[in-house]
Amino acid sequence: MQIEKKDIRALSKEQLRDFFVAHQDKAFRGNQVYEWLWSKGAHSFDDMTNVSKETRLMLEDNFVINHIKVDTMQRSSDGTVKNAVRLHDGLVVESVLIPTNTRTTACVSSQVGCSLDCNFCATARLKRMRNLEPGEIYDQVIAIDKESRLYYNHPLSNIVFMGMGEPLMNYNNVLKAISMITSNEGLGMSPKRITLSTSGVPKMIKKLADDEVKFKLAVSLHSAIDEIRSRIMPFSANFPLSELRESLEYWYSKTKSKITYEYVVWKGINDNKESVDALVKFCKYVPCKVNLIEYNPIDDGEFQQASDESINAYINALTANDIVAKVRRSRGKDIDAACGQLANKEV
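Just so we're clear, the structure is a prediction, and the values are computed from it rather than from any experiment.

Student: I'm lost on the overall build of the chain in this one. Help?
Tutor: When you go through the chain residue by residue, the secondary structure sums to ten helices and 14 strands. Relative to its length of 347 residues, the chain is compact, with a C-alpha radius of gyration of 22 Å against a globular reference of 20 Å. With respect to the principal axes defined by its C-alpha atoms, the chain has extents near 70 × 45 × 40 Å. Burial statistics for the chain: of 347 residues in total, 53% are counted as buried.

Okay, structure coming up:
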């Protein structure tokens, strides 16, 4: 029976050094290989041109590099780019490049499918097939950075974990990927340019705070009334808003970092005064800002975009209470690359 080779990127630099010493080679060879894997983004051992052919063959005998492959790339009329990314086992996730006049943002996935069950999101209908490995998350960023340089003549400036999956349900791998993205041995990107978006898992938000992460936190809130929130996000029945609030207060006490609330207003669901007042009250617990997001229908069901009047009611109430609020227009709708639309339709 053939033994499945381990992905070499699962090894730390120290483990790589130990591997070479165990194979009667110099420890520094591990440093060279580590640089090829992360800083230089090698796709195969043959790419490692300053390593002898003999050594490359030894690596080939012992390991694989489970690199992603961009299967298809679509460009929207507004400049947004969507990648269908094929993984080593044939599964597919999607990632998106969102350009503005001043920056480019990568929206990356953390799971194949999603662990949660938000009724308004196409990805949630796929169910979770598996978590992404740190290298697979990192590769999405590398691919989008190349596209940013190619199409917009400057490197990637920001990353949001708002693609497929719930990042906090793949906690260790997401944090390892961010560690490499921010490391000088990886991309060297400032953690302040990274935002992790969660649907709200209180225990894991507290763990983020305890781990003293330096990146930003966004929470998909969508309602500050338990009954409405559990209707649109059924899993949240297990995490009442009182628990979420407590975890966010804990986060702020440890990190002093403002929270962003992502909030979609739907017709006949949360477009009423009670919902507006509840959100204003919830926003006063922890320093925050609110992104009111344009909804992107995934079918002709119960979730429909609310009127401009309803959205303005939110903006006016939040602003009157000194809470920063912005309407975020969706990008890439014509290629199903907008929030909540990632569902592998092309595959």
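Now that the structure has been shown, the text picks up again.
Student: Hey, could you run me through unusual backbone geometry in this one?
Tutor: With glycine set apart, most residues show a phi of negative sign, and most peptide bonds adopt trans. Even without being glycine, His222 reaches a positive phi, approximately 65 degrees. As for its position among the elements, His222 is in the loop between β11 (216-220) and α7 (226-232). Among the residues examined, His222 registers a relative accessible area of 3% and is labelled buried. In this structure, Lys256 takes a positive phi of about 55 degrees despite not being glycine. Looking at the element boundaries, Lys256 is found in the loop between α8 (241-255) and β12 (259-264). On the basis of relative accessibility, which here comes to 55%, the residue Lys256 falls in the exposed class.

Student: Would you take a moment to explain the pairing of strand β6 (residues 104-107) for this structure?
Tutor: Regular strands place side chains that alternate from one sheet face to the opposite one. Here β6 shows two buried faces, one formed by Thr104 and Ala106 and the other by Thr105 and Cys107. In this structure, strand β5 (residues 92-99) lies alongside β6, joined through four bridges in antiparallel fashion. Bridging across to β6, Val96 finds its partner in Cys107. Count of turn residues in the β5/β6 antiparallel hairpin: four residues. Bridge analysis of β6 against strand β9 (residues 158-161) gives three bridges, and the strand direction is parallel. Bridged to Cys107 within β9 is Val160.

Student: Any chance you could explain the sheet that holds strand β4 (residues 81-86) here in plain terms?
Tutor: Two orientations exist for strands paired in a sheet by backbone hydrogen bonds: parallel and antiparallel. The strand order across the open sheet built from ten strands is β3-β4-β5-β6-β9-β10-β11-β12-β13-β14, with neighbouring strands paired in mixed fashion. Edge strands, defined here as strands with exactly one partner in the open sheet, are β3 (69-75) and β14 (324-328). Taking each pair of neighbouring strands and ignoring which way they run, the sheet shows an average axis angle of 20 degrees. The pairing of β11 with β12 spans four bridges and is classified as parallel. Among the inter-strand pairings, Ser220 is bridged to a residue of β12, identified as Glu262. Its contacts with the sheet place α8 against β11 and β12, and it is angled at close to 170 degrees to β11. The sheet contacts of helix α9 (residues 273-283) involve β12 and β13 (288-293), and relative to β12 the element is tilted by about 170 degrees.

Student: Help me out: how do you make sense of the environment of Gly186 in this one?
Tutor: By secondary structure assignment, the location of Gly186 is in the loop between α5 (171-182) and β10 (194-198). Residues Gly186 and Ser109 lie 77 residues apart in sequence; the distance between their C-alpha atoms is 19 Å.

Student: How should I be thinking about the packing of aromatic side chains in this particular structure?
Tutor: Within a pair of aromatic rings, the relevant descriptors are the distance that separates the centres and the angle that separates the planes. Taken as a whole and assessed by the stated rule, the structure comprises ten aromatic pairs. Pairing Tyr263 with Tyr314 gives two aromatic rings, centres 5.1 Å apart and planes at 55 degrees, and the pair type is tilted. Of this pair, Tyr263 sits in strand β12 while Tyr314 sits in helix α10 (residues 308-320); the two residues are 51 residues apart in sequence, bridging distant segments of the chain. Considered together, Tyr263 and Tyr314 belong to a single accessibility category, that of buried residues.

Student: Explanation requested: the environment of Val93 in the structure shown.
Tutor: Assignment of secondary structure puts Val93 in strand β5. For the pair Val93 and Asn62, spaced 31 residues apart in sequence, the C-alpha separation works out to 27 Å.

Rules behind the numbers
Residues numbered from 1 in each chain as written. Predicted model: local features only at pLDDT ≥ 70, side-chain atom pairs only at ≥ 80, totals over all residues. Heavy atoms only, no water. Helix = DSSP H or I, 4+ residues; strand = E, 2+ residues; numbered from the N terminus. Rg over C-alpha atoms; globule rule 2.2 N^0.38 Å. Buried < 20%, exposed > 50% of the residue type's maximum accessible area, 1.4 Å probe, protein only. Pairing = 2+ DSSP bridges. Axes fitted to C-alpha atoms, helices over the stretch in contact; angles between N-to-C directions. Contact = heavy atoms within 4.5 Å. Phe/Tyr/Trp six-rings, centres within 6.5 Å; stacked < 30°, edge-to-face > 60°.

Worth remembering: the numbers are spatial, not functional.
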